[in-house]
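An overview of the molecular structure
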Amino acid sequence: MAEALYRKYRTQVFEDVVGQEHIERTIKNAIATDKVSHAYLFTGPRGTGKTTTARLLAKALLCEGGPTAEPDGTCEQCLAIADGTHPDVYELDAASRTGVENVREEIIGRVSYAPTRGRYKVYIIDEVHMLSTAAFNALLKTLEEPPEHVVFIMCTTDPHKVLETIQSRCQRFDFRRISNEEIVSRLGAICMEEGIEFEGDALELVAQRAEGGMRDALTSLEQLITFGEGKVTLEAA
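Residues numbered from 1 in each chain as written. Predicted model: local features only at pLDDT ≥ 70, side-chain atom pairs only at ≥ 80, totals over all residues. Heavy atoms only, no water.

Digging into the packing of aromatic side chains
- Enumeration according to the criterion identifies six aromatic pairs in this entry.
- Centre to centre, the rings of Tyr 40 and Phe 42 are 6.2 Å apart; their planes meet at 55 degrees, and the pair counts as tilted.
- Tyr 40 gets classed as buried once you look at its relative accessible area, which sits at 1%.
- Phe 42 sits in the buried class, given a relative accessible area of 0%.
- Here Tyr 123 and Phe 152 contribute two aromatic rings whose centre-to-centre distance is 5.3 Å and whose plane-to-plane angle is 25 degrees, an arrangement assigned as stacked. Remark: Phe 152 occurs in strand β4 (residues 150-156) and Tyr 123 occurs in strand β3 (residues 121-126); sequence separation between them is 29 residues.
- Look at Tyr 123 and you get buried, because its relative accessible area is 0%.
- Site record: aromatic cluster; members linked through ring pairs are Tyr 40, Phe 42, Phe 173 and Phe 175. (Phe/Tyr/Trp six-rings, centres within 6.5 Å; stacked < 30°, edge-to-face > 60°. Buried < 20%, exposed > 50% of the residue type's maximum accessible area, 1.4 Å probe, protein only. Helix = DSSP H or I, 4+ residues; strand = E, 2+ residues; numbered from the N terminus.)

Okay, here's the thing in C-alpha cells:
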C-alpha cells in the first residue's frame, strides 16, 4: 500500500516546520538554555503540526547528539521516535483511552521508572481534552510533582475542555492556522519532489479549502493526483 503524502512528508527537523516560527524559536531556545519544562500544552486547529512538533521535541531531548536544539533526525534514537518504536517515548490517544484506569496503568504506574535508553521519558497525549474528569485529576498529582526525567506534551484542538488546574501547570503553545501562501509553497515543493505536473491555481484552491490545515491540504493533493492521473489541474480541482 502506498504511503500517504502527509506521512511521507511529515516534518523531521525543526527547520521544516511550516507556519509556527514563534513556537519553533521558543522551544529551541528552551533546549539550548536548559529551560525545558516538565509539561507542555499544544493547542490549535487540526493539521497544524501539534503532534509533529511534540515528536520533534522528543527527538531534541533524546537525540544521540543532545539534548540539542538541532536534532539530526538520522541517529538511532531519532529514527526510532519517527517510527514510533522508541521505548522512552509513549504516544497515547486520549480519545480511545479516556478513563482513570488507563491513566493509572499507562502513565502513573510507569512514570517513576528510569528511561530505558535515553535521558528522558516523553509522554505525548493526543486529544487530551477527551480524558474524563477523574482521569485528569489522577494525572494532576503527577504534573504537580513530576520525576526529573519525565516530560509531558499534551495536544488538543479544544483547550477549553482541559481543566484549568492542568493548564496552569503547563507551558501553553497556540498553533495558528497555516497561511495559504505557506501551504501552496509546501504543496509545490512536494509536487516537484514527486515529479507531478501542477497548475499554481489548483494548489491555491486546495490551500483555500484546507482552511489552514496542512494535513487536509496534503490529503486533497493526493486525491487530485490520483483523479488527474498524475497531473494537478485547476479544472480537476
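What follows picks up the thread again.
Topic: the environment of Ala 202
- Along the chain, Ala 202 turns up in helix α9 (residues 200-210).
- According to the relative accessible area criterion, Ala 202 is buried, its value standing at 0%.
- Apart from the residues within four sequence positions on either side, Ala 202 is in contact with Val 232, Thr 233, Leu 234 and Ala 237. (Contact = heavy atoms within 4.5 Å.)

Brief notes about the nonpolar core
- Counting residues in hydrophobic clusters, the biggest one holds 25 residues, and the most contacted among them are Ile 125, Val 128, Leu 131, Leu 139, Phe 152, Met 154 and Ile 166.
- Counting residues per element, the ones that place at least two in this core are β1 (39-43), β2 (89-93), α5 (100-108), β3, α6 (133-144) and β4.
- In terms of residue count, the dominant contributor to this core is α6 (six residues).
- When near neighbours in sequence (up to four residues on either side) are disregarded, Phe 152 contacts His 38, Ala 39, Tyr 40, Ile 107, Val 111, Tyr 123, Ile 125, Leu 139, Thr 142 and Leu 143.
- By size, the runner-up hydrophobic cluster in this structure holds 24 residues, among which are Phe 14, Ile 23, Leu 62 and Phe 175. (Core = buried A, V, L, I, M, F, W, Y, C linked by side-chain atoms within 4.5 Å.)

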